[in-house]
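Single-letter residue listing:
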Amino acid sequence: MKFEGTDHYIATPDLQIAVNASIILEKPLLIKGEPGTGKTLLAFEIAKALQKPLLTWHIKSTTTAQQGLYEYDAVSRLRDSQLGSDKVHEIVNYIKKGRLWEAFEAEEAPVLLIDEIDKADIEFPNDLLQELDKMEFYCYELQKTVVARQRPIIIITSNNEKELPDAFLRRCFFHYISFPDIDTLKQIVDVHYQGLEERLLERALELFTEVRESRGLKKRPSTSELLDWIRLLLAAKTTAEQLEQVDLQQELPPYAGALIKNEQDLQLLEKQIHYSRRFS
Amino acid sequence: MLLHFFLILRNNQLKVSLREYLDLLKALEKEAVMPSINNFYFLCRTVLVKHEQQLDLFDRLFGEVFGQLQQWGEEAFAEIPDEWLQKNSLKQLTEEEKAKLEAFGGLEALMERFRKLMQEQKERHEGGNKWIGTGGTSPFGAWGYNPAGYRIGQNESRHRKAVKVWDKREFKELDDSRELDTRQFKMALRRLRMLTREGQATDFDLEETIRRTARSGGLLDLAYTVPKTNQVKVLLLLDIGGSMDEHIALCEQLFAATRYEFKQLEHFYFHNCLYERVWKQEARHRTAMLSTETLFQSYGRDYKVIVVGDASMSPYEILYKGGSVEHMNPEPGRYWLSRLKEHFRNCIWLNPVPEKEWDFTESIALIQELFPEQMFPLTLSGLEKGVKTLQQHS
């Protein structure tokens, strides 16, 4: 059982090792990296490559750790008691299983994605320590301990909005997806748009790198922006010649909106162009 | 060797614990990766490093400890004729043979043998297990297999990617050696809260429901309650420009920490000392200006004010009218500072300048007079004390 990327996802050797090490040692893998480098996608691709079911748990600012385990629906039980339903005698009818519980119970060890863990309250990761470590938790209402049949493959992503506590980090393996180098970028574009004209790709990557390297950008365009942008170029049937004529000193690249998502960054680029026009 | 590496990491502020070390051993035992120095590097990185800020430090330390495996070399190897190392045949090894090779002894023994061989060998060699050549199992040469060996004259490692990935130091930018991380700041700021129930009743109140249901003779009567939220209101006044430049990183952290912590957080900028106007944006545009009077009018006395500034300036800026370095101020800075203190019940001043240096700057002493017992250093303990002070009158 080894992860080596898929037809649509290029995994660099260091990422492969990180994923495989966490699968073998049954530890959650914490993935960080610039937005748009495929953190969330990784879990989907692992599930696909290893042919395992995928469970996703998207974290919001209001999510609590308990919701991942289970929730007890007291209101509907009270209502049922009023209506004289038979269901009411079994408390288990009112326990709603959370994602972790589902993952623990699954027939075959699934891939569990805990997406954007930093969005939740600052104490959230601390509440999950025991569960991730021992892969078990206690359900008070049923008075039983839920133990994982097999340890699921857990992928956790973070965007660094909040620092995660050390105790939590110690229980995870960590991998930082760095922005791919030019060869890997080519491979990535290649698996998404097969048979792209070589010259067009060269030039598009040149322009993209130049925009990305501009000083002072707040949000540098990343892999996902590059892919969107190339899709736009293809949809508009932009030719290699047209792209080659683009001079970033003089004008913004076509469909700059796909690359630069931030108004301030757009203004910054425009300002730079304005200056270079004045001095040339 | 591994333990040595582990201790070096610990001695260099890379906080690895026993747990990580055991994980690493387990990973090696279970053969999580193919044996090669690069794979070993990636594995160590995955297991031992927990913050992207530490990646660069880790790369450097790894290079220091394991780098010597490859460092020995360029000059000594330069003398080996190229044709000895031309790729020719590849030897397929059995697992058993690989294991034997692994037992070959330490680095020193290898080095010693290499030097001897260099003296003895005079011709091209291929496929053997002793001489420098290609495709064999001798520890020295290229295109062969020996987990403890040297690669000489090969453009890339055949068994995995390019050499010495850690020497690229691609994570340099991420290493900002922060003294404090935002998490600690946030934990300190957490104390600054007033939990009150306001707004829509959305939380189900089980106890109240039971009580009411019992009272109405078993007829279900649901009760909801308002969730608790932090109602503290904070006004952050930040000094920018000039002498504050060196403290920007620290202030940004504080700012990042406060941002998600409070229901209401307003921030304004000023330059050196508070005068008749403040700015909404860092770039201090004319349009984003606000008079300090308006500030007092729009924000009530219940706002808690945190001023962040180094308070390092010419004493004239505080004491005299027209003392500002930027404009003609009709009233001296201290008037505005005392008005600020009169208007808001709770004010503190956080100073990024280390506390022991405060005495050397006259203006800090002047501002301390205006903020008696209310100036704190911008450190974790300073922030904690400051938060406590802010809580006193609520």
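Note on numbering: residues in each chain are counted from 1, in written sequence order. Chain A is the first chain written and ligand 1 is the first ligand written, with later ones labelled in order. Given that this is a predicted model, residues contribute local features only at a pLDDT of at least 70 and side-chain atom pairs are listed and counted only at 80 or more, while totals for whole chains, interfaces and linings are drawn from all residues. Only heavy atoms go into the side-chain values, all of them from the structure, while hydrogens and water stay out.

Draft legend 1. Structural detail: the overall build of chain A. Helical segments are the DSSP runs of H or I of at least four residues, strand segments are the runs of E of at least two, and each set is numbered from the N terminus. Looking only at helices and strands, one finds 14 helices and nine strands in chain A. By definition in these notes, contact holds between two residues if any of their heavy atoms fall within 4.5 Å. Long-range contacts, defined as pairs at least 24 residues apart, comprise 73% of the intrachain contacts of chain A with a sequence gap of at least 6. In this description, accessible areas are obtained by the Shrake-Rupley approach with a 1.4 Å probe, and a residue is regarded as covered only by the protein chains that are shown. Carbon and sulfur atoms form 47% of the exposed surface of chain A, whose accessible area is close to 13600 Å².

Draft legend 2. Structural view of the overall build of chain B. Helices and strands together make up the secondary structure of chain B, namely 16 helices and 14 strands. Looking at the 394 residues of chain B, the share that counts as buried comes to 45%. The long-range fraction of contacts in chain B, counting pairs at least 24 apart against all pairs at least 6 apart in sequence, stands at 67%. Note on classification: 1.4 Å probe, protein chains only; a residue is buried when its accessible area is under 20% of the maximum for its type, exposed when over 50%, partly exposed between these limits.

Draft legend 3. Expanded view of the pairing of strand β8 (residues 233-239) of chain B. Residue and element names in this part refer to chain B. Of all seven residues making up β8, six are buried, and the element is well covered by its neighbours. Bridge count between β8 and strand β9 (residues 264-270): seven bridges; the pairing is parallel. Bridge pairing in β9 links Leu237 to Phe268. Two strands make a pair as long as DSSP finds a minimum of two bridges between them. Two elements, β8 and strand β12 (residues 304-308), share five bridges in a ladder whose sense is parallel. Paired with Leu235 across the bridge in β12 is Val305.

Draft legend 4. Structural detail: the packing of aromatic side chains. Residues and elements named next belong to chain A. Stacked, edge-to-face and tilted are the three classes for Phe, Tyr and Trp ring pairs, Trp counted by its six-membered ring, which pair at centre distances within 6.5 Å; planes under 30 degrees apart are stacked, over 60 edge-to-face, the rest tilted. For the structure on display, the rule yields 24 aromatic pairs over all chains. With 6.3 Å between their ring centres and 20° between their planes, Tyr70 and Phe137 make a pair best called stacked. Here Phe137 lies in strand β6 (residues 136-139) and Tyr70 lies in strand β3 (residues 70-72), a separation of 67 residues in the sequence. The pair formed by Tyr70 and Phe137 is uniform in burial state, with each residue classed as buried. Seen in terms of ring centroids, Tyr138 and Tyr140 are 5.2 Å apart; in terms of plane orientation they differ by 85°. Their pairing is edge-to-face. In this structure Tyr138 comes out as partly exposed when scored by relative accessible area, which is 39%.

Draft legend 5. Just the side chain of B:Glu317, in detail. Checked against the element boundaries, B:Glu317 lands in helix α13 (residues 315-319). In this structure, B:Glu317 is in contact with B:Asn272, B:Cys273, B:Tyr275, B:Gly323, B:Ser324, B:Val325, B:Pro332 and B:Gly333, ignoring residues within four places of it in sequence.

Draft legend 6. Expanded view of a nonpolar patch on the surface. Patch membership requires over 30% relative accessible area and the absence of a salt bridge. Like charges are linked within 9 Å, and nonpolar side chains (Val, Leu, Ile, Met, Phe, Trp, Tyr) within 5 Å. Here a salt bridge means any side-chain nitrogen of Lys or Arg lying within 4 Å of a carboxyl oxygen belonging to Asp or Glu. Together, B:Leu18, B:Leu22, B:Leu25 and B:Leu28 make up an exposed nonpolar region whose accessible area comes to about 340 Å². Given a relative accessible area of 31%, B:Leu28 falls into the partly exposed group.

Draft legend 7. Expanded view of helix α3 (residues 37-48) of chain B. Expected span, for any helix, means 1.5 Å times one less than how many residues it has. Helix length check: α3(B), at 12 residues, gives a terminal C-alpha distance of 16 Å against a target of 16 Å (1.5 Å per residue), a fit within 8%. In terms of burial, α3(B) is a largely internal element, 11 of the 12 residues being buried. For α3(B), the complete set of buried residues consists of B:Asn38, B:Asn39, B:Phe40, B:Tyr41, B:Phe42, B:Leu43, B:Cys44, B:Arg45, B:Thr46, B:Val47 and B:Leu48. Buried-residue contacts for α3(B) involve α1 (13-24), β1 (29-33) and β9 (173-177) of chain A together with α1 (2-11), α2 (18-29) and α4 (55-66) of chain B.

Draft legend 8. Quick look at the nonpolar core. In this structure, A:Leu42, A:Ile155, A:Ile156, B:Phe5, B:Leu43 and B:Phe58 are the most contacted members of the largest nonpolar core, which totals 83 residues. Residue contacts for B:Leu43: discarding those within four places in its chain leaves A:Ile17, A:Ala21, B:Leu24, B:Ala27, B:Leu28, B:Ala32 and B:Val33. To form a nonpolar core, buried Ala, Val, Leu, Ile, Met, Phe, Trp, Tyr and Cys residues must be joined to one another through side-chain atoms within 4.5 Å. B:Tyr275, B:Val307, B:Leu337 and B:Ile367 belong to the second largest nonpolar core, which has 30 residues in total.

Draft legend 9. Molecular detail of the environment of B:Ser338. All names here are of chain B. With respect to the secondary-structure elements, Ser338 resides in helix α14 (residues 333-343). Overall, the relative accessible area of 28% leaves Ser338 in the partly exposed class. For the pair Ser338 and Leu370, spaced 32 residues apart in the sequence, the C-alpha separation amounts to 6.9 Å.

Draft legend 10. Highlighting the side chain of B:Lys50. Summarising the element assignment, B:Lys50 is placed in the loop between α3 and α4. Of the side chains with opposite charge, B:Glu20 lies nearest to the buried B:Lys50, which makes no salt bridge, at 4.3 Å. Polar contact is the term for a pair of N or O atoms within 3.5 Å; when the atoms are in protein, one must be able to donate a hydrogen and the other to accept it, and sequence-neighboring residues count only if both atoms are side-chain atoms. Here A:Cys172 takes part through its backbone oxygen, which lies 2.3 Å from a polar atom of the side chain of B:Lys50. There is a polar contact of 3.5 Å between the side chain of B:Lys50 and the backbone oxygen of B:Val47. In this view, B:Lys50 contacts A:Leu169, A:Arg170, A:Cys172, A:Phe173, A:Phe174 and B:Glu20; residues no more than four positions away in its chain are not counted. In summary, the charge assignment counts Lys and Arg as positive and Asp and Glu as negative, without counting His or the chain termini.

Draft legend 11. Quick peek at the interface of chain B and chain A. If you look at the interface, chain B gives 40 residues, while chain A gives 38 residues. The residue A:Asp14 makes a salt bridge to B:Arg45 at a minimum N-O spacing of 2.8 Å. Taken together, the links from chain B to chain A amount to nine residue pairs in polar contact (both at pLDDT 80 or more). Contributions of two or more residues to the side of chain B that touches chain A are made by α2, α3, α9 (182-190) and α10 (206-215) of chain B. Element by element, the count of residues in the side of chain B that touches chain A is highest for α3(B), at six residues. Across the side of chain B that touches chain A, the residue classes tally to 17 nonpolar, seven polar and 16 charged. Here the nonpolar group is Ala, Val, Leu, Ile, Met, Phe, Trp, Tyr, Cys and Pro; Asp, Glu, Lys and Arg are the charged ones; every other residue, Gly included, is treated as polar.

Draft legend 12. Layout of the pattern of salt bridges. All names here are of chain A. For the structure on display, the rule yields 28 salt bridges over all chains. In this structure, Glu107 and Arg149 form a salt bridge, with 3.5 Å as the shortest nitrogen-oxygen distance. Of this pair, Glu107 sits in the loop between α5 (99-105) and β5 (111-115) while Arg149 is found in the loop between β7 (144-147) and β8 (153-157), placing the two residues 42 residues apart along the sequence. Owing to a relative accessible area of 64%, Glu107 belongs among the exposed residues under this scheme.

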